[in-house]
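Examining the three-dimensional arrangement
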Amino acid sequence: KQRIFSGMQPTHDSLTIGNYIGALQQWVALQDSYEALYCVVDLHALTVHPDPAVLRERTRRTAAQYLAGGVDPERSILLVQSHVPEHTELAWLLSCQTGFGEASRMTQFKDKAARQGTEGTTVGLFTYPVLMAADILLYDAALVPVGEDQRQHLELSRDLAERLNTRFGEGTAVVPDAHIVRDVAKIYDLQEPTAKMSKSEAGKGSLLLLEDVKRAAKKIKSAVTDADETYGVRFDPAEKPGISNLLTIFSAVTGRGVDEIAAEYDGRGYGHLKVDLADAVVAFLEPFQQRANDYLEDPAELDAVLADGAERARAIARPVLDRIKDRFGLLPAR
Ligand code: ATP
Ligand code: MG
């Protein structure tokens, strides 16, 4: 079986429905055909300066949401990034292979640095994509399921893997492919349907998986739709970003096709669509929240799952890192 790796940052108490549709749902679909590693990337979350107690809590909550969303720890490896120190060790090796200019071109860094200001922006935020490349290359991952916003970082991971193979010989690293599913890879903010929905910037337009379901329903009903006099309901992201986004969410939470849903509501006005979508979202969230809470009520069991995941992950990571270090010419310890 080929291997896949993916992760999310514990930067909020709850994931968004964008994280679910763009990533988690894909993870679950892929876990039978691949040897999958799904990671809570807590070291990445340090780039936004979390309070220590809050970070600990969010790390468990993120893991509980992976499980609630259908990640099966029997079939997949569920791990916390900081439990496997090889991630940071490989990150250093890769940082010495990454051009400063190359890293400077990363648009996520430019966006996040602009928000954090010169004082708040750390070297860690700058080298974030290098750590992400290490996360992936450490497991010889062939495929990385992510949302559209991670495309550029994935390109860097590929470039680094190819560079390693050129400089240190074929077989030094596996070149990973991005798995980005068109049409669901970018869920938009409900209040600003041209901006990505995100969890660390979560406002009224971010639908959170663990939020009060009444509030979630309200967010759907007050979603910004298009100032289109014809009231047509069709999937057309360029002309109708708001409606198209709602159709994507509707399809993801019900399993029905986008076109089928659009046909049902076309000509009936946006209100009907929103009311029914709000109901569908609540019907999806209630059992999800129940499952997540079950895991959170038993942190000992959750921690045992994570300990097991870390052990299985390290067993894969250690020989890969040793291989790369050897290729770099680092003298083996004996
Ligand atoms: P943050 O604001 O902290 O960066 P985030 O919502 O962007 O949070 P990440 O932890 O950075 O979440 O990303 C986790 C995964 O979710 C990645 O694969 C990312 O591409 C995907 N993802 C994030 N936002 C969306 C979205 N709006 N639509 C689809 N996929 C998304
Ligand atoms: Mg993000």
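In the block above lies the structure referred to throughout.
So, here's what we can say about the structure. Keep in mind it's a predicted model, so treat the numbers as computed, not measured.

The next thing to look at is a negative patch on the surface. On the surface, Asp294, Glu297, Asp298 and Glu301 cluster together to form a negatively charged patch. Take Asp298: it is sitting in the loop between helix H12 (270-297) and helix H13 (299-328). Exposure remark for Asp298: the relative accessible area of 32% places this residue in the partly exposed category.

According to the stated counting rule, one finds nine aromatic pairs in the structure shown. Aromatic pair Phe109 and Phe126: ring centres 5.1 Å apart, planes at 75°, arrangement edge-to-face. Within this pair, whereas Phe109 is found in helix H6 (residues 107-120), its partner Phe126 is found in helix H7 (residues 123-137), the two being separated by 17 residues in sequence.

This paragraph deals with the pattern of salt bridges. Summed over all chains, the structure comprises 25 salt bridges. Note that Glu89 is salt-bridged to Lys325, the shortest N-O span being 2.6 Å. Separated by 236 residues along the polypeptide, Glu89 in helix H4 (residues 86-95) and Lys325 in helix H13 bring together distant segments of the chain.

Once that is clear, we can look at the site of ligand 1. By nearness alone, 21 residues border ligand 1, and Thr11, Lys112, Asp149, Lys196 and Ser200 come closest of all. Lys112 places a side-chain nitrogen or oxygen 2.7 Å from an oxygen atom of ligand 1. Lys196 is positioned such that a nitrogen or oxygen atom in its side chain is 2.6 Å from an oxygen atom of ligand 1. About the coverage of ligand 1: the protein hides 97% of its 590 Å² of free accessible area. Looking at the shell around ligand 1, the elements that each hand over two or more residues are strand E1 (3-8) and helix H1 (17-30). The dominant element in the shell around ligand 1, judged by the number of residues it contributes, is H1, at four residues. Here the shell around ligand 1 is composed, by residue class, of six nonpolar, ten polar and five charged.

Rules used throughout
Residues numbered from 1 in each chain as written. Chains lettered and ligands numbered in written order. Predicted model: local features only at pLDDT ≥ 70, side-chain atom pairs only at ≥ 80, totals over all residues. Heavy atoms only, no water. Patch = residues over 30% accessible without salt bridge, like charges linked within 9 Å, V, L, I, M, F, W, Y side chains within 5 Å. Areas by Shrake-Rupley, 256 points an atom, 1.4 Å probe, with all protein chains shown as cover. Salt bridge = Lys/Arg side-chain N within 4 Å of Asp/Glu carboxyl O. Lys, Arg positive; Asp, Glu negative; His and termini not counted. Charge placed at Lys NZ, Arg CZ, Asp CG, Glu CD. Helix = DSSP H or I, 4+ residues; strand = E, 2+ residues; numbered from the N terminus. Buried < 20%, exposed > 50% of the residue type's maximum accessible area, 1.4 Å probe, protein only. Phe/Tyr/Trp six-rings, centres within 6.5 Å; stacked < 30°, edge-to-face > 60°. Near = heavy atom within 4 Å. Polar contact = N/O pair within 3.5 Å; in protein donor to acceptor, adjacent residues only side chain to side chain. Nonpolar A, V, L, I, M, F, W, Y, C, P; charged D, E, K, R; others polar.

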